[in-house]
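In case you want the letters, here they are:
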Amino acid sequence: MMIQPVSKNINSEIPFKSIILPSPVLEKTLVTTISNLKYGDNSHKLRLGGKLLAQNLNTLLNDGKLRFLDFTEKSNGYASVNINSTIEEPGSSNWDYLVEHNQIKQRFHGEGTIGLIAALAEKLGKKHVRIEYDDPGFKQLDKDEIPYIKDEIDALHKINPETEQNFLLTLDTIYNRIASNLKEKVINDLEEIKKKIFLN
């Protein structure tokens, strides 16, 4: 039996990818972020936070490493991450504690887990992992966002302040559509990532 020699033209590099384990804490973080985007106010901060979470998770999923990331939570509500079963430094709390009618109520926000995801993405060399309002980059659009607002940009070019009676109202309407479409893109991105991790 003859064994064929391996061709030198074959690319021997294996594209490693990290595997993010489908933990309850990560699922709750994604569900909460998506829900806040869908039903919260149309704030720039919510959209940017969701956009960065999606980008940071994609950075981890395509980091060229072969490792298992398991986002968990300590009994005190503080986030933590296990990398290949080794416990890393814990993050901040995932919860707010509110006092109402002499009762302490808990509200999950997932900021501790979101912070750990950002820190891991930063270690991989990703820039802008957190919201930085003084950075002009946060006022720019990414190329993949432009198709979502193309119709609105076209509409802006067509209005003329000299002939448009409701010029300011028209501008406001177009701006609201732009904000809504960009938010919809972030929701879609997060839901796609959730499907990848949780296979549903």
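Predicted model only: the values in this text are computed from it and were never measured.

Draft legend 1. Broad picture of the nonpolar core. In terms of nonpolar packing, the biggest core is built from 25 residues, with Ile20, Leu26, Phe71 and Leu190 touching the most fellow members. Residue assignment for this core shows that the elements contributing at least two residues are helix 1 (24-39), helix 2 (44-61), strand 2 (68-73), strand 3 (79-83), helix 3 (111-123) and helix 5 (167-198). The element contributing the most residues to this core is helix 5, with six residues. Not counting chain neighbours up to four residues away, the residues in contact with Phe71 comprise Ile20, Ser23, Val25, Leu26, Leu60, Ser80, Val81, Thr113, Leu116, Ile117 and Leu120.

Draft legend 2. Spotlight on the packing of aromatic side chains. Using the criterion set out here, one finds one aromatic pair in the structure. Ring geometry for Trp95 and Phe108: centres 5.1 Å apart, planes at 80°, overall edge-to-face. A residue pair is termed long-range when its members are at least 10 positions apart, and Trp95 in strand 5 (residues 95-100) and Phe108 in strand 6 (residues 103-108) qualify at 13 residues. Each member of the pair Trp95 and Phe108 is classed as buried.

Draft legend 3. Quick look at the sheet that holds strand 2. Across the sheet, four strands lie side by side as 1-2-3-4; this open sheet has mixed pairing. Here the strands that pair on one side only, and so sit at the sheet edges, are strand 1 (19-20) and strand 4 (86-87). Across the sheet, helix 3 is in contact with strand 2 and strand 3; its angle to strand 3 comes to roughly 40°.

Draft legend 4. Inspection of unusual backbone geometry at higher detail. Notably, Asn84 is not glycine yet its phi reads approximately 50°, a positive angle. Inspection of the secondary structure puts Asn84 in the loop between strand 3 and strand 4. With phi around 70°, Ser85 is a residue other than glycine that occupies positive phi space. Residue position: Ser85 is located in the loop between strand 3 and strand 4.

Draft legend 5. Seen up close, helix 2. If you check helix 2, its first and last C-alpha atoms are 26 Å apart, about what 18 residues at 1.5 Å a residue would give, namely 26 Å. Within the sequence span of helix 2, burial applies to Arg47, Leu48, Gly50, Lys51, Leu52, Leu53, Ala54, Asn56, Leu57, Leu60 and Leu61. Buried residues belonging to helix 2 abut strand 1, helix 1, strand 2, helix 3 and helix 5.

Draft legend 6. Here's a closer look at the pairing of strand 6. Note: strand 5 against strand 6, six bridges, orientation antiparallel. Each residue of the ladder has a partner; that of Asp96, found in strand 6, is Arg107. Between strand 5 and strand 6, which pair antiparallel one after the other, the connecting turn spans two residues, and His101 there sits at a positive phi close to 50°.

Draft legend 7. Layout of the pattern of salt bridges. For the coordinates displayed, the defined rule picks out 13 salt bridges. A salt bridge links Lys38 to Glu191, with the shortest nitrogen-to-oxygen separation between them at 3.1 Å. Remark: Glu191 occurs in helix 5 and Lys38 occurs in helix 1; sequence separation between them is 153 residues. The exposure class assigned to Glu191 is partly exposed, which follows from its relative accessible area of 28%. Its salt-bridge partner being Glu145, residue Arg47 comes within 3.1 Å of it at the nearest N-O pair.

What counts, and where the lines are drawn
- Residues numbered from 1 in each chain as written.
- Predicted model: local features only at pLDDT ≥ 70, side-chain atom pairs only at ≥ 80, totals over all residues.
- Heavy atoms only, no water.
- Core = buried A, V, L, I, M, F, W, Y, C linked by side-chain atoms within 4.5 Å.
- Buried < 20%, exposed > 50% of the residue type's maximum accessible area, 1.4 Å probe, protein only.
- Helix = DSSP H or I, 4+ residues; strand = E, 2+ residues; numbered from the N terminus.
- Contact = heavy atoms within 4.5 Å.
- Phe/Tyr/Trp six-rings, centres within 6.5 Å; stacked < 30°, edge-to-face > 60°.
- Pairing = 2+ DSSP bridges.
- Axes fitted to C-alpha atoms, helices over the stretch in contact; angles between N-to-C directions.
- Expected span 1.5 Å × (residues − 1).
- Salt bridge = Lys/Arg side-chain N within 4 Å of Asp/Glu carboxyl O.

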